[in-house]
Amino acid sequence: MLTPCGLAAVLLLASATSARASAAAASGCGVSTVDSSLVATPRPTTADAESLLVRSALPRATAATPAPQDPPAAHHPIDRHLAAAHARAGLRPLPEADRATLLRRASLDLIGLPPTPAELDAFLADTAPLAYERAVDGLLASPHYGERWATPWLDLARFSDTGGFNFDQARQVWKYRDWVIDALNRDVPFDRFTILQLAGDLVDGATDADRIATGFHRNTMTNDEGGVDPAEARWDRLLDRASTTATTWLGATLHCAQCHDHKHDPIRQRDFYAMVAFFEGDDEATLELPTPAQRERRETLRQQLAALEQQQPADRKAIAAAKKALAAAPVDTALVLRQKPDAALTTTLRLRGSYDARGDEVQAGVPEGLGARWRAELPKNRLGLARWLVEDHRQRVARAHGNRLWGELFGRALVATTEDLGTQAPAADHPELLAWLADEFLRLGWSQKALLRVIVTSAAYRRSATAPADLRAADPDNVLLARGSRFRLPAEAVRDLQLAASGLLAPAVGGPSVFPLQADVSGSVPTNKADLRWTPSAGADRHRRGLYTFWRRTATFVQFGVFDAPSREQCIARRQRTNTPLQALSGLNDPAAWEAAQALGRRMQDAEGDDRAKLALGFRLCTSRWPDADELALLADALAREDAAMRWTLVANALLNLDEALTR
């Protein structure tokens, strides 16, 4: 689709815009709402926002927080922790990034979308004190906050619209995704967030929303193929639930003890199976959640069937057809866990991890070698397990989640292996800071929004990423955070940037999964029985955020797969980040990317002003800043060289693929 001249424009523009960012590159590194019934806590009000501000106000210095060393590090605990490391290394931290960069960084990090030109103009015009803090509060209050932070959680939850394996059949699980989005938007405290997902069906007065939350452990792969032993397939799901629970909340590699005692951490093989036993007494149920229209339709069909059975009992064909219509009537559902009455929470240890090699019976329990014994007052079920995590093991849980949040914001977690905080994990970059982060999370009442606010208002977060060569040489991986972090956007955010810049973005929050444009996958892979037909959605659904794209395990959405999205066959606590030629080819030629380029081209062409003004607008939509004179000259030259019928689209295609556009 791209002409040689267009490709040259891409390379020239990339070179020009990368010039101001090249020094930083070495750091490597109408809205609708979700169903309000999904979470039983009230939506945030103005008073709640003020409460969040109070909870996240900077704490007084404590024994764990270094005393101020100099004025730049005097006001924020995070910066006090880092100041000592900077002094030891002889590094002078960079100043704050320019305001446009700062707002773009915070917007991408907190809501996953770039700021609009109007938002940029308003922020740049606001010179009053605490303007940045007010902008952060606005982003945290956005309904798009929950969408952005749902994405890494859905990786942990191995969320997918299909079951996996050879058939990879579709299933309806989007109600769980909506629950996560809504819970995050409401800032449900992380301890409650944990309890509902592990045991929402067991809490007092459990609602449908609480039961939907247990979909966390219904996201396991399901093998329904012929010849599969159902009992063994269920067993595999139980193993997955135990290991995923440990990875998500403890940062522990519990699965290493499936076949033998853990080689490095104090986890016995019996501990692994004791965790499995918590899930042995569960039914895998389907919760019907009909909409009012669906309920009305089904009632009409029931009445028609009853009338037939009463008035025409001999007409078996008509009655059978009516029953079939009633059974086929669509209804929203959610996959949930439900504990069997009087279920015995025991399991059988498997010798060497083999399903057929049965060993001793094991009672439900926890790996006490990690530092917290089971309290007698806890119920011996999933609810007790959830409470053990957030009450008895709260420091480690807070550390694991705080470490992940830090990694999302800086591109590098304080402990790089977010999935493993055990003895074989690399040493924390800043161990005292990580301990303080966990303490702060608990002090803030497990409020994720408040903790994020603390982090993004630090000087460490706000620093410029354009670093001189000596600073890059002294700290190539930016471990000491004397400069800002710079890394490519995750797969879904690449898609969202394209939609936002082009004006195509459909901003509605929540709902069923959708099918954007992608390369033709109209049949089945010959070596696989999965149905890979992909019929693009109509209307606004085609342009929903990447979060809502139908997630097929055997064939991830092409653009996402190229940009390192996982298949979600298992719990993923840390995405890999690569740079490959396929990413450039996808950005230039993928149907979804090309559609965005066409729309951005029209948006520029229809804007007010001369060609240079139109080009400057397109550049700003993609990078959140105005181009300088040299960059604008390159754009104008590229526009003049292209065919008249395609020139705006080709220039837009180049802009959407700029390194600066795809980089946070």
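A quick note: this is a predicted structure, and the numbers were derived from the prediction, not measured.

Enquirer: An account of the environment of Val136 is requested, with residue identities and associated values reported.
Expert: By the element assignment, Val136 lies in helix H6 (residues 131-140). Judged by its relative accessible area of 0%, Val136 is buried. It is 8.2 Å that separates the C-alpha atoms of Val136 and Thr457, two residues lying 321 residues apart in sequence.

Enquirer: Lay out unusual backbone geometry in plain terms, naming residues and giving numbers.
Expert: One non-glycine residue with positive phi stands out, namely Arg158, at about 45°. Inspection of the secondary structure puts Arg158 in the loop between helix H7 (144-156) and helix H8 (174-185). Given a relative accessible area of 0%, Arg158 falls into the buried group. Even without a glycine there, the phi angle at Asp168 is positive, about 50°. Among the structural elements, Asp168 can be located in the loop between H7 and H8. Here Asp168 falls in the buried class, since its relative accessible area comes to 5%.

Enquirer: I'd like a description of the packing of aromatic side chains, backed by residues and values.
Expert: For the coordinates displayed, the defined rule picks out 22 aromatic pairs. On the basis of an interplanar angle of 45° and a centroid distance of 5.9 Å, the ring pair of Phe190 and Phe441 is categorised as tilted. With Phe190 in helix H9 (residues 190-199) and Phe441 in helix H17 (residues 431-443), this pair connects stretches of sequence that are 251 residues apart. Judged by its relative accessible area of 3%, Phe190 falls in the buried class. Of the residues examined, Phe441 reaches a relative accessible area of 0% and is grouped as buried. Seen from the ring of Phe216, Arg158 lies directly overhead, with NZ or CZ sitting 5.3 Å from the centre. A cation sits over an aromatic face here: Arg568 above Trp551, 3.8 Å from the ring centre.

Enquirer: Give me the lowdown on the pairing of strand S2 (residues 333-339), citing residues and values where you can.
Expert: Looking along a regular strand, one sees the side chains alternate between the two faces of the sheet. For S2, a buried count of 5 out of 7 residues is recorded, marking the element as mostly surrounded by other parts of the structure. Here strand S1 (residues 282-288) runs beside S2; their pairing, made up of 7 bridges, is antiparallel. Note on S2: the bridge partner recorded for Asp283 is Arg338.

Enquirer: Account for helix H18 (residues 448-456), naming residues and giving values.
Expert: Within H18, 9 of the 9 residues are buried, which leaves the element mostly enclosed by the surrounding structure. Along H18, the positions that sit buried rather than exposed are Gln448, Lys449, Ala450, Leu451, Leu452, Arg453, Val454, Ile455 and Val456. The N-cap residue of H18 is Ser447: its side-chain oxygen and the backbone nitrogen of Ala450 are 3.1 Å apart.

Enquirer: Please set out the environment of Asp187 residue by residue, giving values where relevant.
Expert: Along the chain, Asp187 turns up in the loop between H8 and H9. For Asp187, a relative accessible area of 12% corresponds to the buried category.

Enquirer: Describe the confidence of the model for the protein chain, and please don't skip the residues or the numbers.
Expert: The predicted coordinates should not be examined in detail at positions where pLDDT is low. Mean pLDDT over the protein chain works out to 89, with 87% of the residues at or above the 70 mark. Contacts from residues 1-5, a stretch scored under 50 in pLDDT, to residues over four places away or in other chains number 13 contacts. Confidence over residues 15-63 falls short of pLDDT 50; this stretch has 107 contacts with residues more than four positions distant or in other chains.

Enquirer: I'd like a description of the packing of helix H13 (residues 292-311) against helix H14 (residues 316-328), backed by residues and values.
Expert: Two numbers describe how H13 lies on H14: the axes approach to 9 Å, and their chain directions differ by 165°. The angle between the axes of H13 and H14 places the two elements in the roughly antiparallel class. The handedness of the crossing between H13 and H14 is left-handed. Every residue of H14 that contacts H13 at Arg298, Leu301, Arg302, Leu305, Leu308 and Glu309 is listed here: Ala318, Ile319, Ala322, Lys323, Ala325 and Leu326. Tallied by class, residues from the contact of H13 with H14 come to 8 nonpolar, no polar and 4 charged.

About the criteria used
Residues numbered from 1 in each chain as written. Predicted model: local features only at pLDDT ≥ 70, side-chain atom pairs only at ≥ 80, totals over all residues. Heavy atoms only, no water. Helix = DSSP H or I, 4+ residues; strand = E, 2+ residues; numbered from the N terminus. Buried < 20%, exposed > 50% of the residue type's maximum accessible area, 1.4 Å probe, protein only. Phe/Tyr/Trp six-rings, centres within 6.5 Å; stacked < 30°, edge-to-face > 60°. Lys NZ or Arg CZ within 6 Å of the ring centre and 35° of its normal. Pairing = 2+ DSSP bridges. Polar contact = N/O pair within 3.5 Å; in protein donor to acceptor, adjacent residues only side chain to side chain. pLDDT = per-residue confidence, 0-100. Contact = heavy atoms within 4.5 Å. Axes fitted to C-alpha atoms, helices over the stretch in contact; angles between N-to-C directions. Parallel < 35°, antiparallel > 145°, perpendicular 65-115°, else oblique. Left-handed = near helix turned anticlockwise from the far one by under 90°. Nonpolar A, V, L, I, M, F, W, Y, C, P; charged D, E, K, R; others polar.

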